[in-house]
Amino acid sequence: MSEVADPMRLVLEDGLGEPGVVPFVAGHLARPVVIPVEASVMPPTEESGARALSAIGFPLERLRFLLDLIGRHCDLALARDTVRVKVPKVADEVVDDGGLDLAVAAAIVSAKQSIPVRAVVIGEVGLSGKVLPVPRMDARLDAAKNHPLPLKCAIVPKRAPLVLGVERLMIEHLRELPTALAGMAARGRVPQRFTTRPTQPLTPAEPVLDAFSRNSSDACETAPETTLRDPTAEGID
């Protein structure tokens, strides 16, 4: 009898690196589980009519809240776009986890700007747009590290715990999210040795990395055995 493939893993395998698909680690169960968060953003057309919002597995009011913050802080015009978000159930339960905020926001930004996401994204978003820590971050990052897919980098709140083998890119405010996503996408791969300073002269495709590296709260830290830490970079604990 053949083994039935995990549908969430299949979505991640097929969608990792595709705009609008973001890995998230749910921490509301005894064992953290990696799930795909999906979003689509469609501009208005004459045929589409009024804007529509759809949220499966995520509160619609929370989606409206995040869209408002993204529009105000990330300089993205979403007011007329049709936005759909999907968060799968885990163990037949809706994921009730504040850390979903940042993953949903990342999926929306990724879909809107066609940015591939190759990192786990975890964090709660406050009323001001500040990115807040969530419980069990160390267990979540450990689950990402041990996942069959190469989920070795994470966009997380400031002062997230260090987990050996996982590179942390820490942000303090939602406004930093598009730059963080674009900077990682410009690398063109799942980072193995993610550094905070360009090591080669900038090419026309690299200005976003230069701006990304100068942002003190965007420092991506990792365990000493996998990456050299830059002692001159700001934001390192």
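Summarised in this report is the structure supplied together with it. (Residues numbered from 1 in each chain as written. Predicted model: local features only at pLDDT ≥ 70, side-chain atom pairs only at ≥ 80, totals over all residues. Heavy atoms only, no water.)

Moving on to the overall build of the protein chain. A tally of regular secondary structure across the protein chain gives 6 helices and 10 strands. In the protein chain, which comprises 237 residues, the share counted as buried stands at 48%. A fraction of 69% describes how many contacts in the protein chain between residues 6 or more apart in sequence connect residues 24 or more apart. Counting only carbon and sulfur atoms, one obtains 53% of the accessible surface of the protein chain, whose full area is about 11,500 Å². (Helix = DSSP H or I, 4+ residues; strand = E, 2+ residues; numbered from the N terminus. Buried < 20%, exposed > 50% of the residue type's maximum accessible area, 1.4 Å probe, protein only. Contact = heavy atoms within 4.5 Å. Areas by Shrake-Rupley, 256 points an atom, 1.4 Å probe, with all protein chains shown as cover.)

Before going further, it helps to spend a moment on the nonpolar core. Counting residues in each nonpolar core, the largest one holds 67 residues, and the members touching the most others are I108, I155 and L177. The element that contributes the greatest number of residues to this core is helix α3 (residues 100-113), accounting for 10 residues. Not counting the four nearest positions on each side in its chain, L177 is found in contact with L102, A105, A106, V109, I155 and I171. (Core = buried A, V, L, I, M, F, W, Y, C linked by side-chain atoms within 4.5 Å.)

On to the environment of L132. Its location among the elements puts L132 in strand β7 (residues 131-132). Measuring from C-alpha to C-alpha, the distance between L132 and I122 comes to 9.5 Å, with 10 residues separating the pair along the chain. When neighbours within four sequence positions are excluded, L132 is seen to be in contact with G123, E124, G126 and P157.

Packed helices, taken two at a time, are described by the angle between their axes plus the distance between the axes. Put simply, helix α2 (residues 60-73) and α3 touch, their axes get as near as 10 Å, and they point 60° apart. Here α3 runs oblique to α2, going by the angle between their axes. Seen along the crossing, α2 lies across α3 with a hand that is right-handed. Of the residues in α3, those touching α2 at R62, L63, L66, L67 and I70 are D101, V104, A105, I108 and V109. For the contact of α2 with α3, the class distribution of residues is 8 nonpolar, no polar and 2 charged. (Axes fitted to C-alpha atoms, helices over the stretch in contact; angles between N-to-C directions. Parallel < 35°, antiparallel > 145°, perpendicular 65-115°, else oblique. Left-handed = near helix turned anticlockwise from the far one by under 90°. Nonpolar A, V, L, I, M, F, W, Y, C, P; charged D, E, K, R; others polar.)

This model, assessed by the stated rule, comprises 6 salt bridges. The closest approach of N and O atoms between D68 and R72, which form a salt bridge, is 3.1 Å. On the criterion of helical spacing, the pair formed by D68 and R72 is a turn pair, its members being 4 residues apart in helix α2. Residue class for D68 comes out partly exposed when judged on its relative accessible area of 42%. Linking D142 and K145 is a salt bridge whose minimum nitrogen-to-oxygen distance equals 3.3 Å. (Salt bridge = Lys/Arg side-chain N within 4 Å of Asp/Glu carboxyl O.)

For the rest of this paragraph, the subject is α2. Here α2 is 14 residues long and its end C-alpha atoms lie 20 Å apart, about the 20 Å a rise of 1.5 Å per residue gives. Along α2, the residues classified as buried are L63, F65, L66, L67, L69 and I70. Where α2 is buried, its residues contact β3 (53-56), β4 (82-86), α3 and β6 (124-125). (Expected span 1.5 Å × (residues − 1).)

Attention shifts here to the pairing of strand β2 (residues 33-42). Across 6 bridges, strand β1 (residues 21-26) lies against β2 in antiparallel orientation. In the strand pairing of β2, V21 is matched with E38. Across 5 bridges, the pairing between β2 and β4 is antiparallel. What sits directly across from M42, in β4, is T82. (Pairing = 2+ DSSP bridges.)

Strand order in this open sheet of 4 strands is β1-β2-β4-β3, and the pairing throughout is mixed. Two strands lie at the open edges of the sheet, namely β1 and β3, each paired on one side alone. Strand-to-strand twist across the sheet, computed as the mean angle between neighbouring axes with direction ignored, equals 15°. Against the sheet, α2 touches β3 and β4, its axis set at about 125° to β3. Contacting β1, β2 and β4, α3 crosses the sheet at an angle of about 40° to β2.

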